Every structure is written in structure tokens, then in C-alpha cells.
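# Notes for the structure review
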Number of protein chains: 2
Amino acid sequence: MATEVLKQMVLAMGQKARAASRSLAKVSTTVKNEALRAMAAGLLEHAEDILEANRRDCAAAREKGLSAAMVDRLTLNQQRLKAMADGILEIATLHDPVGEVPKMWRRPNGLLIGKVRVPLGVIGVIYESRPNVTADTAALCLKSGNAVILRGGSEAFHSNRAITRILSDAASGQGIPAGALQLVETTDRDAVHELLQMDRHLDVIIPRGGPDLISLVTEHSRVPIIKHDKGLCHTYVDAHADLEMALRVCTNAKIQRPGVCNAMETLLVHQSVASYFLPQLSEIFSPAGVEIRGCPRTQAILPGARAAQDQDWDEEYLDLILAVKVVDNIEEALAHIERHGSGLAEAIITSDYANSRRFLDEVDAAAVFVNASTRFTDGNQFGLGAEMGISTQKLHVRGPMGLEDLTCTKYIIQGSGQIRE
Amino acid sequence: MATEVLKQMVLAMGQKARAASRSLAKVSTTVKNEALRAMAAGLLEHAEDILEANRRDCAAAREKGLSAAMVDRLTLNQQRLKAMADGILEIATLHDPVGEVPKMWRRPNGLLIGKVRVPLGVIGVIYESRPNVTADTAALCLKSGNAVILRGGSEAFHSNRAITRILSDAASGQGIPAGALQLVETTDRDAVHELLQMDRHLDVIIPRGGPDLISLVTEHSRVPIIKHDKGLCHTYVDAHADLEMALRVCTNAKIQRPGVCNAMETLLVHQSVASYFLPQLSEIFSPAGVEIRGCPRTQAILPGARAAQDQDWDEEYLDLILAVKVVDNIEEALAHIERHGSGLAEAIITSDYANSRRFLDEVDAAAVFVNASTRFTDGNQFGLGAEMGISTQKLHVRGPMGLEDLTCTKYIIQGSGQIRE
């Protein structure tokens, strides 16, 4: 697409979204929930249109030689559409944060000052994931009163377009302003650059995808971003650990779903329990197909383990591979986590009160666990409801991002003619 | 300075700050307050060193031909040093947000989940203002447990260096880790670019200065930023206003201190009261030296007023100039504010309940006032204590930025061996 045409197209989307966001901010929770229910119904009603579009995407993906796993992630069917619709219905049941007044106080001069939650405005979401992200994102943004501009992966282009059109029509039918939900309907990569420059019409950009996407957005965005970077999670088995619990938790953290950001990538074990604990772990992990890459002390205990290289301590495997290091004490564990952790989730298994407190206090991560699996790092598991990714940055939101994190506050000040002296 | 040397210097500062931030996060409130008191005492004790350095800056400024007003802003004396020290002592009395647990809850599976306030980590502050900002910023960052790298304006270079060294020595003497407070000790502009790239060691950059600085930082920073953009504040005098109150509030908003971001720049007046209200306003504003630039209807009422040009509705005068527009109704006022407002502070003067609610609900700004002066948009006036500028963005903090806004949260999860099903 010619640069100027593309620029104008993206700009027009931004202006339309900004205008829609002004009205959307005033829409009642009741109307938003009605719209969400209509959107869920729309997906099921027009299932065949979506599946038809999806077949085009899947055929193109096979032609391009994408792996069977990738094609499977892309593929929609009645059951997956039903799950998408159920996801939207669940968001309709969540508490609407807009309009809440978390604080209000009176000043000595009589001014009544309150902080009220309002939508952020217009959110840009750039993602590479499965088509279900399209529906989740649309629903979360609508419920929190935000207009959204979606830019999905090119593999899912036809699926995303079909889904967005159906959702947008259903929402409009319930009084949601046009422009509240838009998809960038081109696979031209320059569209992403145009979005990143549009700080006048976008209040935040949320990139959801691999390290290349995150790096591109961090480098070039004029718009504030909320990023979800990699997850390199550690579990530290302390000298004073209930080793049966440690086995159970480590197994869950590594094996239950190894391909996600909150799975364990590195195990740290106190030297006083390593020779007893690691062989037991190996008895579970070996048959499960987990490859262990160990430090020299680990290899001395588990002669079958491969030697860990320096880069193993910094690698997010997202696979059935585990780096294992034997440490002298909790200080070494904390130092290792400080140096190699990604700031997402870290866990200690211990029965010692002082060590549990120290781990909670000193580890600098979005989620710090005592005696539980890092796999719980998730909006639903925390009780926040559906989430919009997990933020690994410190500004605005850290950890699972729920509806409240898609809002900001404004001060409202009610006076009776006060002036400043 | 050679690029590579500069790069290494700034990088070393970042590493030192990161290391310091880890220990600083664990320092108790008591120790931080002792350090603040020692810093205040240090400023007074070494007053002569600071004044000597300041004389060098002022002489250079005069030589460069800076205006008398600029030189005055730069100049320090015993009285201003005393005010700086008092500012630090006041910060010692503020509540420390670090360690607070704003929420904690138990999940059905027994996991106890809490959100705890922690420092952001390392803050970069790039500023152009008076040397007192150096002391304020150092104290606010220390109290909130953050390491800080300061980059002040070149005019105040010697003053800032003297102040920072004294403050840093005083803090170290009380057990604050070295590296917690550092100043970029070069006026080389490339140092700013190096800071903007250092997303590994800086958690946030706060630019405080003119539009050129804000634009530079927005464009080039890889580090998340909190910006304080311009303030173009409106006051709308409604049909149902107490006009005596309106006069008092408008006078305060425009004249009490015209050179600041929360002063009124544009007055909107309902047509039904304009012919009565504007002449009265003019009787106060003319002798006070306020130049009025009016729309045609304003000029019809005040024949002496200059004609407002299109650009007047978008200009932050920071001076004794006021743009005045007569509007047909509250809708026109809201539309004008939506189009021209900067999102900082907006006010309505009205006795009508519905209009007051509508203005509070619909205006999208950090602070929305009913029947009070926009000049109250200030951390101290809101009761937040000393502030670190006023954020005009929506992410993380909006409006006056207090100590709490220099923190983020982390989740702490206490379990008893829970695993995810």
C-alpha cells in the first residue's frame, strides 16, 4: 500500500476511535453488558462466516509451510468458537471499574477532592497470537469503556477480520459508538509504524507477542506502552523445605504446561538437600521427557544430566528443558534470581519463617511465591477475572492486567468559590 | 566528551544506581528520615560552597546574556537555601508508601494474595528548572526508596553539582547506599541520549521542562516516561453562575500567578451572562494589566479587546494574556475544551446541579473543578504533600505526582503447597 494512503487510513482510524472513546466513556454498564452478550451471540450466529475465513487462513498457513502446531493454534472450530463466546459472556459478568471513586477527602478549605476511575481512552493492541485474542481483547476494552484498534498477526488476517466485523456490528446494534472496535485491515507492516507514531489518538499500546515485536515497539513507539516481556521463572528449594511439597510444586511448575511464560525454567536447590531431592525429581522428570541441564554439582548428583552452559541461565526454554543449579545458601539463590530473573514470577519452597519473609521482601518481581507454583501467575487464578496479558514493566501495572488496569483516574474537585491564597 | 567515554560514564552510573536501588529498597523509614534530616542540615552547613558555585553559574548566565528574570530564577541566597532545606524536612514528615499492602485476599484454594507497594527502582530526572528542583527531587526519590540519576540544566551546572555532592555525602553518612543519588556531571547533551537508551538500568524517566525537552524525550526514549506537558486551562462561566464568585475565581485563576501551568489561559462565558459579566471582569483585569483577546461577541461587549486569532485558543500564554470566548451553551463549552484543552485542569462556575455533574463526568482532564480555581491543581493543595511535577499522561499517574506515584506494586503469594490443576 502506498505510504501516504496507509498513513491516512491509520490516522482516520485513530480519529474515529478517539471520537468513539468520548461517547463510550459515558455508556452505562448495563448497555456495555448487553453489547457483550450480543457480541457472544453474534459469534455463534455467524459461526460459518468465521470458520470459512479461518479455512482460508489455515490453507495459506499450510501453503507457507507453517508447522502443524502453528496451524493448530490458528485453527478454529465450533468448540473453540463456543469457548470464545463464553469468554465474552464471562467478561459481561465482571465488575465494571469505570466510575468507581477509590478515594475522596475534604481539605481544610472545604474543597472536596475525589479520584474517579475513567477509561484510558483509546488502546492499540498489536498481537501475534491466536484469533481468540481478538475476541478477548475486544470484550475487555469494551467493558472498561475503551475504544480499541486491533492489529493482529498476518496469519490470522481473514479470521480476525471476520470476527471483528461480527463483534463490531453486534456492539453497534446495542448502541456502542461506531469506531469503538476497529481492526487494521491490511497486513502491511508499515501500519504498525504508523500506529506507534499516533500519540495524539492512542493513549497506550499493548504489544503481545515475541521478543522481536516487543523490541520493535519499545524502540519506536511515541505512545506509552504496557509490555509483556519474557518470563524466566525460578523455583528455589530451600534447606528447610518440605521436600514432598517441593517435588509436587516443581513438577507442576515445569510440566503442567511448559510452553507458557509462568512455567519454571530454572530450579535452584540448596546444597544440603540436593543429593536427596534431585534424584527424586529426576525419577519424575525423566519419564516425563524433561531434559535437565545442570551445574557441575548437579551433574555430580545426576550423572545423566547435560552440562549447563552460561547461556542456559538466561534462556526461556518454553519447553521440557530445565536448568538446575545447586546453591550454597539463600543469598546465592537471591543473587542468581536478581541477575537472571525476568521479573515475572519467582518462588521459594521453605518451612523456615525468616527465609520466607526474606524471599518475599527481597525478590523484585511481579509475583513472588512462597510454597506454591509459579503457574498461578494469571489473572483468573489471582481472582481478577479475564486478563489482558501479564505486564513485566513497573509503570502503571505489574503482573496480570485486569479490567481495572485498563483505566486511569481523574481528580474531581467540588468547591464553593475557593481561591488559592 | 568522546562518545565512547560518555557512554561508559552514563552506563557506569546506571549500574551503580541499580545496585544502590536494591539495598535502598530495604532501608527502613526511620533511616531514610534520618538521612533526609542530615541532608537538610548539610545544605545549611555547606551553604557557602553552594553559594560560591551558584555565583559562578550566575556570572556565566549574565555573560551569556540571559534575561534578568532567568538570572533571578537561577540565583540562590541564604533565604532560598533555607527554603530548600525546609522542603527536605517536610518530606521527612510525609508518610512513607513503601511496604504498604493496599489489598490482600484469600483464594478458594487457600492462596493468600497481597499487593505490596515497592519502589519503582531507578528514576532518571531530566530537568531545566531552578536548582531547588535538585534538592526536592533527591529528597522525594530517597523517601520513596528509589535511586535517582539527575540531569539538570547546563545553566545551573555548578550549583547542582555542589548541592548533589553535599546531599549525597549527608545521605551516605546515615547509611544510604552510595549511588542512590547521582548527578550527570557533564553538560554534554549526548548524555541525555545515553540516558534515554538505558532501559536496562532505568525504570522510568521524568522529563521536567519546556516543550522541546518533552518532545525529545517522547521521541527517543526506550525507557518508560512520565511527562508533564503544557497546561492550557479553561474556566467556563455558566448561565447559572454566581457571578460574584465567578469574578473572584477567574481573577485568582488568571492573575495570582500567571506564569504557571495551572493558571487560566482561556475564559468561556455563556452568552446569557456575558454582557453583564465581561465588563465587570474587564474592570478588574485592565488595571491588573491583563490583555484580553476576544471572539467577535466578546469584542462587541468589550470594544477595547483585541481580536483573538485561531491560534489563541491553543496557546499557553503563561503571561497576563487571556483568550475569551462567548459560547451559546454548555455543549459548546465542552466541545471547545475537548478540542483545545491540554488535559491538565478545567473548571466550571455554576449553581446548576445538572451542569456541575455533566462537567465533572464529561471533561477528560487530570483535574476537573466545580466552583474553584484551577490554581489548586497542585500536590500540596490536594493534600498529597510535596509533588514531583504534574503528569498530563494517563498511564501510571495523572495529575500531581506524590510519593505514592514513585512506587509500584508487586504481588506476594503465600501458599501451603498449592499446584495449578
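Residues numbered from 1 in each chain as written. Chains lettered and ligands numbered in written order. Predicted model: local features only at pLDDT ≥ 70, side-chain atom pairs only at ≥ 80, totals over all residues. Heavy atoms only, no water.

Turning our attention to the domain arrangement of chain A. Bring the parts together and some accessible area is lost; that lost area is often taken as the interface size. The assigned domain composition of chain A is domain 1 (3–226 + 398–414) and domain 2 (233–376). Centre-to-centre separation of domain 1 of chain A and domain 2 of chain A, based on C-alpha positions: 36 Å. (Domains from an automatic or database assignment.)

With that settled, consider the packing of aromatic side chains. Any two aromatic rings considered together are summarised by their centre-to-centre distance and by the angle between their planes. Residues and elements named next belong to chain A. Scanning the entire structure with this criterion turns up 4 aromatic pairs over all chains. Considering the side-chain rings of Trp105 and Tyr411, the 6.4 Å spacing of their centres and the 90° angle between planes classify their relative orientation as edge-to-face. Taken as a pair, Trp105 in strand 1 (residues 103–106) and Tyr411 in strand 16 (residues 407–418) lie far apart in primary sequence, 306 residues in all. Its end group placed over the ring of Trp313, Lys325 keeps NZ or CZ at 5.8 Å from the ring centre. (Phe/Tyr/Trp six-rings, centres within 6.5 Å; stacked < 30°, edge-to-face > 60°. Helix = DSSP H or I, 4+ residues; strand = E, 2+ residues; numbered from the N terminus. Lys NZ or Arg CZ within 6 Å of the ring centre and 35° of its normal.)

Residue and element names in this part refer to chain A. Between its first and last C-alpha, helix 11 (residues 271–285) extends 20 Å over 15 residues, near the 21 Å set by a 1.5 Å rise per residue. At Phe277, helix 11 shows its maximal bend, which comes to roughly 40°, and the proline Pro279 appears one to four places after that position. Contacts from the buried residues of helix 11 go to strand 7 (233–237), helix 10 (243–255), strand 8 (264–270), helix 12 (296–301) and strand 11 (321–327). (Expected span 1.5 Å × (residues − 1). Bend = angle between axes of the 7 residues up to and from the residue. Contact = heavy atoms within 4.5 Å.)

Turning to the packing of helix 10 of chain A against helix 11 of chain A, a few remarks are in order. Packed helices, taken two at a time, are described by the angle between their axes plus the distance between the axes. All names here are of chain A. Taken N-terminus to C-terminus, the directions of helix 10 and helix 11 make an angle of 45°; their axes are 10 Å apart at the nearest point. It follows from the interaxial angle that helix 10 and helix 11 lie oblique. For the pair helix 10 and helix 11, the crossing hand works out as right-handed. Here helix 10 contributes Leu243, Ala246, Leu247, Cys250, Thr251, Lys254 and Ile255 to the contact with helix 11, which in turn contributes Val273, Tyr276, Phe277, Gln280, Leu281, Ile284 and Phe285. Classifying every residue of the contact of helix 10 with helix 11 by side-chain character gives 11 nonpolar, 2 polar and 1 charged. (Axes fitted to C-alpha atoms, helices over the stretch in contact; angles between N-to-C directions. Parallel < 35°, antiparallel > 145°, perpendicular 65-115°, else oblique. Left-handed = near helix turned anticlockwise from the far one by under 90°. Nonpolar A, V, L, I, M, F, W, Y, C, P; charged D, E, K, R; others polar.)

Residues and elements named next belong to chain A. One open sheet holds the 4 strands; their spatial order is 5-4-3-6, and the pairing between them is parallel. Two strands in the sheet have a free side with no partner beyond their single neighbour: strand 5 (181–183) and strand 6 (204–208). Going across the sheet, the axis of each strand differs from the next one's by a mean of 20°, ignoring polarity. Bridge count between strand 4 (residues 147–151) and strand 5: 3 bridges; the pairing is parallel. Its bridge partner lying in strand 5, Ile149 is registered against Gln182. In the packing of helix 7 (residues 157–173) onto the sheet, the strands contacted are strand 3 (122–127), strand 4 and strand 5, and the crossing angle to strand 5 comes to about 160°. (Pairing = 2+ DSSP bridges.)

This part takes up the pairing of strand 2 (residues 112–119) of chain A. Residues and elements named next belong to chain A. When you tally the buried positions in strand 2, you get 7 out of 8 residues, the bulk of the element. Between the end of strand 1 and the start of strand 2, which pair antiparallel, lie 5 residues, with Gly110 showing a positive phi angle near 95°. Examined bridge by bridge, strand 2 and strand 16 share 8 bridges and lie antiparallel to one another. Bridging across to strand 16, Gly114 finds its partner in Ile412. (Buried < 20%, exposed > 50% of the residue type's maximum accessible area, 1.4 Å probe, protein only.)

Our focus in this paragraph is the interface of chain B and chain A. Each partner contributes to the interface: chain B provides 74 residues, whereas chain A provides 73 residues. Buried area between chain B and chain A, summed over both chains or domains, comes out near 6300 Å², and the portion from carbon and sulfur atoms is 50%. Among the residues of chain B in contact with chain A, Leu395, Tyr411 and Arg420 of chain B are the three that bury the most area, contributing 14% of the side total. Counting every contact that joins chain B to chain A gives 14 salt bridges. Across the pair Glu219 of chain B and Arg222 of chain A runs a salt bridge whose closest N-O atoms are separated by 2.3 Å. Scanning the region where chain B abuts chain A turns up 45 residue pairs in polar contact (both at pLDDT 80 or more). At 11 residues, strand 16 (residues 407–418) of chain B tops the list of elements feeding residues into the side of chain B that touches chain A. Residue composition of the side of chain B that touches chain A, by class: 30 nonpolar, 21 polar and 23 charged. Two elements, strand 16 of chain A and strand 13 (residues 367–372) of chain B, share 5 bridges in a ladder whose sense is parallel. (Buried area = accessible area lost by both parts, 1.4 Å probe. Salt bridge = Lys/Arg side-chain N within 4 Å of Asp/Glu carboxyl O. Polar contact = N/O pair within 3.5 Å; in protein donor to acceptor, adjacent residues only side chain to side chain.)

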